[in-house]
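This is what each chain is made of:
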Amino acid sequence: QVQFVESGGGLVQPGGSLRLSCAASGSIFSIYAMGWYRQAPGKQRELVADITSDSSMNYADSVMGRFTISRDNAKNTVDLQMNSLKPEDTAVYYCNARIISRVTGRGDDYWGQGTQVTVSS
(Lines give C-alpha, C1' and ligand atoms only; values in the text may rest on other atoms or scores of the structure.)
Protein backbone atom coordinates (compact mmCIF):
# COMPACT_ATOMS: atom_id res chain seq x y z
CA GLN A 1 0.00 0.00 0.00
CA VAL A 2 1.28 3.42 -1.04
CA GLN A 3 -0.20 6.77 -0.08
CA PHE A 4 0.36 10.23 -1.50
CA VAL A 5 -0.19 13.62 0.05
CA GLU A 6 -0.38 16.39 -2.55
CA SER A 7 -0.57 20.09 -1.82
CA GLY A 8 -0.09 23.49 -3.39
CA GLY A 9 -2.74 23.82 -6.06
CA GLY A 10 -5.06 26.79 -6.35
CA LEU A 11 -6.06 29.86 -8.33
CA VAL A 12 -3.39 32.22 -9.62
CA GLN A 13 -3.29 35.10 -12.11
CA PRO A 14 -1.38 34.79 -15.38
CA GLY A 15 2.31 35.38 -14.77
CA GLY A 16 2.05 34.17 -11.19
CA SER A 17 3.69 31.23 -9.43
CA LEU A 18 2.64 28.13 -7.53
CA ARG A 19 4.55 25.32 -5.92
CA LEU A 20 3.17 21.78 -5.86
CA SER A 21 4.41 19.24 -3.34
CA CYS A 22 3.89 15.49 -3.12
CA ALA A 23 4.97 13.06 -0.41
CA ALA A 24 4.83 9.28 -0.84
CA SER A 25 4.64 6.88 2.07
CA GLY A 26 3.81 3.25 2.81
CA SER A 27 5.29 -0.03 1.62
CA ILE A 28 8.13 1.51 -0.39
CA PHE A 29 11.42 -0.25 -1.03
CA SER A 30 12.66 2.28 -3.54
CA ILE A 31 11.38 4.88 -5.96
CA TYR A 32 12.91 4.98 -9.43
CA ALA A 33 11.20 8.13 -10.67
CA MET A 34 8.77 10.74 -9.39
CA GLY A 35 6.97 13.32 -11.42
CA TRP A 36 3.93 15.38 -12.25
CA TYR A 37 1.35 14.88 -14.95
CA ARG A 38 -1.62 17.08 -15.80
CA GLN A 39 -4.98 16.67 -17.43
CA ALA A 40 -7.03 19.56 -18.78
CA PRO A 41 -10.76 19.20 -19.53
CA GLY A 42 -11.27 17.25 -22.74
CA LYS A 43 -7.59 16.40 -23.09
CA GLN A 44 -5.41 13.40 -22.37
CA ARG A 45 -3.19 13.25 -19.34
CA GLU A 46 0.32 14.44 -20.22
CA LEU A 47 3.72 14.46 -18.60
CA VAL A 48 4.75 17.81 -17.15
CA ALA A 49 8.08 16.81 -15.63
CA ASP A 50 9.75 13.89 -13.93
CA ILE A 51 13.00 13.17 -12.11
CA THR A 52 14.82 9.92 -11.48
CA SER A 53 16.61 8.84 -8.32
CA ASP A 54 19.90 10.00 -9.84
CA SER A 55 18.39 13.42 -10.65
CA SER A 56 17.92 12.99 -14.37
CA MET A 57 15.09 15.37 -15.31
CA ASN A 58 12.62 15.46 -18.17
CA TYR A 59 10.29 18.36 -19.02
CA ALA A 60 7.46 18.88 -21.45
CA ASP A 61 8.41 21.43 -24.09
CA SER A 62 5.50 23.64 -23.05
CA VAL A 63 6.89 24.16 -19.53
CA MET A 64 10.63 24.21 -20.24
CA GLY A 65 12.24 27.24 -18.62
CA ARG A 66 9.18 28.04 -16.51
CA PHE A 67 8.78 24.96 -14.29
CA THR A 68 11.41 23.32 -12.10
CA ILE A 69 11.14 19.86 -10.57
CA SER A 70 13.05 18.79 -7.48
CA ARG A 71 13.13 15.72 -5.31
CA ASP A 72 14.21 14.62 -1.84
CA ASN A 73 15.07 10.93 -2.04
CA ALA A 74 15.36 10.55 1.74
CA LYS A 75 11.86 11.94 2.30
CA ASN A 76 10.23 10.46 -0.83
CA THR A 77 8.99 13.88 -1.87
CA VAL A 78 8.81 15.69 -5.18
CA ASP A 79 8.09 19.38 -5.73
CA LEU A 80 7.17 21.34 -8.84
CA GLN A 81 7.91 25.06 -8.85
CA MET A 82 5.73 26.69 -11.51
CA ASN A 83 6.59 30.24 -12.60
CA SER A 84 5.22 32.49 -15.33
CA LEU A 85 1.98 30.55 -15.33
CA LYS A 86 -0.31 30.79 -18.33
CA PRO A 87 -4.03 30.08 -18.73
CA GLU A 88 -3.13 26.99 -20.76
CA ASP A 89 -1.44 25.55 -17.66
CA THR A 90 -4.89 25.16 -16.10
CA ALA A 91 -5.43 21.48 -15.32
CA VAL A 92 -5.61 18.88 -12.60
CA TYR A 93 -2.04 18.00 -11.69
CA TYR A 94 -1.26 14.44 -10.58
CA CYS A 95 1.75 13.20 -8.69
CA ASN A 96 3.24 9.98 -10.08
CA ALA A 97 5.87 7.60 -8.77
CA ARG A 98 7.39 4.39 -10.10
CA ILE A 99 7.79 2.40 -6.90
CA ILE A 100 9.32 -0.93 -6.00
CA SER A 101 7.10 -2.39 -3.28
CA ARG A 102 8.74 -3.40 -0.01
CA VAL A 103 6.16 -6.18 0.29
CA THR A 104 6.04 -7.71 -3.20
CA GLY A 105 9.31 -6.56 -4.74
CA ARG A 106 7.34 -5.58 -7.83
CA GLY A 107 7.54 -2.21 -9.55
CA ASP A 108 4.38 -0.32 -10.40
CA ASP A 109 3.16 3.17 -11.22
CA TYR A 110 1.28 4.91 -8.41
CA TRP A 111 -0.83 8.08 -8.66
CA GLY A 112 -1.92 10.81 -6.30
CA GLN A 113 -5.52 12.03 -6.18
CA GLY A 114 -4.76 15.22 -8.12
CA THR A 115 -4.74 18.90 -7.28
CA GLN A 116 -6.43 21.65 -9.30
CA VAL A 117 -4.36 24.46 -10.77
CA THR A 118 -6.33 27.32 -12.33
CA VAL A 119 -4.62 30.22 -14.07
CA SER A 120 -7.06 33.03 -14.69
CA SER A 121 -7.44 36.76 -14.29
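All values reported here derive from a predicted model rather than from experimental measurement.

### Considering the packing of aromatic side chains
- Scanning the model with the defined rule gives one aromatic pair in all.
- Aromatic pair Tyr 37 and Trp 111: ring centres 5.0 Å apart, planes at 70 degrees, arrangement edge-to-face. You can see Tyr 37 sitting in strand β4 (residues 28–39) and its partner Trp 111 sitting in strand β10 (residues 107–111), a full 74 residues away along the chain.
- The residue whose ring lies beneath Arg 45 is Tyr 94, and the NZ or CZ to ring-centre distance is 3.7 Å.

### Brief notes about unusual backbone geometry
- In this structure, Ser 55 is a non-glycine residue whose phi angle is positive, near 70 degrees.
- Structurally, the position occupied by Ser 55 is in the loop between β5 (46–52) and β6 (57–59).
- Despite not being glycine, Ser 84 shows a phi value in the positive range, around 50 degrees.
- Here Ser 84 lies in the loop between β8 (77–82) and β9 (91–101).

### Some remarks on the nonpolar core
- Among the nonpolar cores identified, the biggest contains 31 residues, and Trp 36, Leu 80, Met 82 and Tyr 93 are the most heavily contacted of them.
- When contributions to this core are tallied by element, the ones reaching two or more residues are β1 (2–7), β3 (18–26), β4, β5, β7 (67–72), β8, β9 and β11 (115–119).
- The element contributing the most residues to this core is β9, with five residues.
- Excluding residues within four positions of it along the chain, Met 82 makes contact with Gly 16, Ser 17, Leu 18, Leu 20, Arg 66, Phe 67, Tyr 93 and Val 117.

### Some words on the sheet that holds β7
- Spatially, the four strands line up as an open sheet ordered β1-β3-β8-β7, and their pairing is antiparallel. The open sheet terminates on both sides in strands that have one partner only, identified here as β1 and β7. Going across the sheet, the axis of each strand differs from the next one's by a mean of 15 degrees, ignoring polarity.
- Here β7 pairs with β8 via six bridges, running antiparallel. Within β8, the position partnered with Ile 69 by the bridge is Leu 80.

### Quick word on the pairing of β8
- In terms of residue burial, β8 counts as a mostly covered element, since five of its six residues are buried.
- As paired strands, β3 and β8 are joined by six bridges and run antiparallel to one another. Bridging across to β8, Ala 23 finds its partner in Thr 77.
- Taken together, β7 and the strand that follows it, β8, pair antiparallel across an intervening segment of four residues, in which Asn 76 is found at a positive phi of about 55 degrees.

### Some points on the side chain of Thr 115
- Along the chain, Thr 115 falls in strand β11.
- Assessed through its relative accessible area of 12%, Thr 115 is described here as buried.
- One polar contact links the side chain of Thr 115 to the main-chain amide nitrogen of Gly 9, over a distance of 3.4 Å.
- Not counting residues up to four positions away in its chain, the partners in contact with Thr 115 are Glu 6, Gly 9, Leu 20, Trp 36, Ala 91, Val 92 and Tyr 93.

Definitions and limits used
- Residues numbered from 1 in each chain as written.
- Predicted model: local features only at pLDDT ≥ 70, side-chain atom pairs only at ≥ 80, totals over all residues.
- Heavy atoms only, no water.
- Phe/Tyr/Trp six-rings, centres within 6.5 Å; stacked < 30°, edge-to-face > 60°.
- Helix = DSSP H or I, 4+ residues; strand = E, 2+ residues; numbered from the N terminus.
- Lys NZ or Arg CZ within 6 Å of the ring centre and 35° of its normal.
- Core = buried A, V, L, I, M, F, W, Y, C linked by side-chain atoms within 4.5 Å.
- Buried < 20%, exposed > 50% of the residue type's maximum accessible area, 1.4 Å probe, protein only.
- Contact = heavy atoms within 4.5 Å.
- Pairing = 2+ DSSP bridges.
- Axes fitted to C-alpha atoms, helices over the stretch in contact; angles between N-to-C directions.
- Polar contact = N/O pair within 3.5 Å; in protein donor to acceptor, adjacent residues only side chain to side chain.

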